[in-house]
Amino acid sequence: MNDTLPYSVAAISDIHGNVAALNAVLEDLQSQPVDRLVVAGDLVLSGPRPAESLDAIRDLEIPTIYGNTDQLVFDEQHSEERLDWVREKLGTDGLSYLKGLPFEHRITPPGGRSPEDDLLIVHATPADVNGMLVLQPVPFSQRPVTPEAEARTLLGDARANLIVAGHLHYASCGVPCGQRYSIIDSVGFPYDGDHRAGYAGVRWDGQEWHVENHRLGYDYDKVAEDLRRCGAPFGELSAHRILQARFRPVT
């Protein structure tokens, strides 16, 4: 039996340039001390304040990985109006920071053994930053639960006590191919019909990691108005997504 002391991690993901939601999460974390805070990617694209969001994360000096939309932004082979708008806001230094982020972050708890006791944090899946590993159905989504053969490919050879990811913008959990897996809520753009910003607390009890999801209210109406006024080419679509908390908003 592993007799190590409890160890706690806060995981946040999918900020997407919504600095108001990010600030609500960071303020809440001040009253919930954790041993480590990790950002699981998708920092800047889609919201009205990409530079402010990135600055807030950088100021924390915490482990941060890149997500699929971060990759779109820093990969200059992709040329789209929405990407160019964000790139201009971030500047050369911000883009350089994004490009230097790692793909994953692994935590071995004090006294634990790797990989069997590890918490592995990725953006989407261990093998693909764009992968869709659906563990449970959710309202407003047409995606079925991922078949085991496809899940095996998305997991690759990753092994951990628990894998935590974002990317889908709603919380779910499962054990695909025998691997414990938890997807956490989005900070800036939840897609489960609940407007509140989300993050997860992940606690090691000496034997397993356990996830507790948290949701926080903030002024999302103000963010939607900011989106409509900030000049972003995605402003109107993102405003609808914020107001309806859905990926495919009803217009």
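Relevant structure appears above.
Since we're looking at a predicted model, the values are computed, not measured.

K.L.:
Help me understand the overall build of the protein chain, please; the structure alone is not making it clear to me.
P.N.:
The number of helices and strands found in the protein chain is 7 helices and 9 strands. Radius of gyration (C-alpha) of the protein chain: 17 Å, near the 18 Å computed for a compact globule of 251 residues. With respect to the three principal axes, the spread of C-alpha positions in the protein chain is 55 × 40 × 35 Å. By residue count, 54% of the 251 residues in the protein chain fall in the buried class. Contacts in the protein chain between residues far apart in sequence, at least 24 positions, make up 67% of those at least 6 positions apart. A distance of 4 Å separates the average location of the 22 positive side-chain charges in the protein chain from that of its 37 negative side-chain charges.

K.L.:
What is the right way to read the side chain of Gln179 from this model?
P.N.:
One can find Gln179 in the loop between β6 (172–174) and β7 (181–183). Contact partners of Gln179, with chain neighbours within four places excluded, come to Leu155, Ala158, Arg159, Ala160, Asn161, Leu162, Ile163 and Gly174.

K.L.:
Please clarify how the packing of aromatic side chains should be interpreted in this entry.
P.N.:
Where two aromatic rings form a pair, the distance of their centres and the angle of their planes describe that pair. As enumerated under the stated definition, the model contains 7 aromatic pairs in all. The interplanar angle of 80° and the centroid separation of 5.7 Å between the aromatic rings of Tyr66 and Phe74 together place this pair among those described as edge-to-face. Neither Tyr66 nor Phe74 differs from the other in exposure class; each is buried. Considering the side-chain rings of Trp204 and Trp209, the 5.5 Å spacing of their centres and the 50° angle between planes classify their relative orientation as tilted. Accessibility assignment for this pair places Trp204 and Trp209 in one class, buried. Taken together, the ring pairs connect Tyr7, Trp204 and Trp209 into an aromatic cluster.

K.L.:
Could you clarify how one ought to interpret helix α1 (residues 19–29) in this entry?
P.N.:
With 8 of 11 residues buried, α1 lies mostly within the body of the structure. Listed as buried for α1 are Val19, Ala21, Leu22, Ala24, Val25, Leu26, Asp28 and Leu29. Buried residues belonging to α1 abut β1 (7–12), β2 (36–39), α2 (50–60), β8 (197–204) and β9 (209–216).

K.L.:
Would you take a moment to explain the pattern of salt bridges for this structure?
P.N.:
Once their charged atoms are close, side chains differing in charge can pair, the charge on each being opposite to the other. Inspection of every chain in the model, using the stated rule, returns 14 salt bridges. Taking the shortest distance from any N to any O, the salt bridge between Arg106 and Asp118 comes out at 2.9 Å. Here Arg106 is found in strand β3 (residues 104–107), whereas its partner Asp118 is found in the loop between β3 and β4 (119–122), with 12 residues between them in sequence. Glu236 is paired through a salt bridge with Arg228; the nearest N and O atoms lie 3.2 Å apart. The partly exposed category is assigned to Glu236, whose relative accessible area is 43%. Residue classification places Arg228 among the partly exposed positions, given a relative accessible area of 37%. Because the salt bridges share partners, they merge into one network encompassing Asp185, Asp192, Asp194, Arg196 and Arg215.

K.L.:
Is there a simple way to think about the sheet that holds β9 in this case?
P.N.:
Each strand in a sheet pairs with another by means of backbone hydrogen bonds, the pair being arranged parallel or else antiparallel. Here 4 strands make up an open sheet; going across it, the order is β2-β1-β8-β9 and the pairing mixed. Single-partner strands in this sheet number two, and they are β2 and β9. Each neighbouring strand pair of the sheet contributes to a mean axis angle of 25°, computed without reference to strand direction. Inspection of the sheet shows β1 paired to β8 by 5 bridges, in the antiparallel sense. Across the sheet, Ala10 pairs through a bridge with Gly201, a residue of β8. Across the sheet, α1 touches β1, β2, β8 and β9, and the angle it forms with β8 is around 35°.

K.L.:
Just checking my understanding: could you explain the packing of α1 against α2 for this structure?
P.N.:
The packing of two helices is summarised by the inter-axis angle and the distance between the axes. Close contact between α1 and α2 brings their axes to 9 Å; oriented N to C, the two are set at 25°. Judged by the angle between their axes, α1 and α2 are roughly parallel. Considering the relative orientation of α1 and α2, their crossing is left-handed. Between α1 and α2, the residues in contact are Val19, Leu22 and Leu26 and Glu52, Ser53, Ala56, Ile57 and Leu60, respectively. Broken down by class, the residue content of the contact of α1 with α2 amounts to 6 nonpolar, 1 polar and 1 charged.

The rules behind the values
Residues numbered from 1 in each chain as written. Predicted model: local features only at pLDDT ≥ 70, side-chain atom pairs only at ≥ 80, totals over all residues. Heavy atoms only, no water. Helix = DSSP H or I, 4+ residues; strand = E, 2+ residues; numbered from the N terminus. Rg over C-alpha atoms; globule rule 2.2 N^0.38 Å. Buried < 20%, exposed > 50% of the residue type's maximum accessible area, 1.4 Å probe, protein only. Contact = heavy atoms within 4.5 Å. Lys, Arg positive; Asp, Glu negative; His and termini not counted. Charge placed at Lys NZ, Arg CZ, Asp CG, Glu CD. Phe/Tyr/Trp six-rings, centres within 6.5 Å; stacked < 30°, edge-to-face > 60°. Salt bridge = Lys/Arg side-chain N within 4 Å of Asp/Glu carboxyl O. Pairing = 2+ DSSP bridges. Axes fitted to C-alpha atoms, helices over the stretch in contact; angles between N-to-C directions. Parallel < 35°, antiparallel > 145°, perpendicular 65-115°, else oblique. Left-handed = near helix turned anticlockwise from the far one by under 90°. Nonpolar A, V, L, I, M, F, W, Y, C, P; charged D, E, K, R; others polar.

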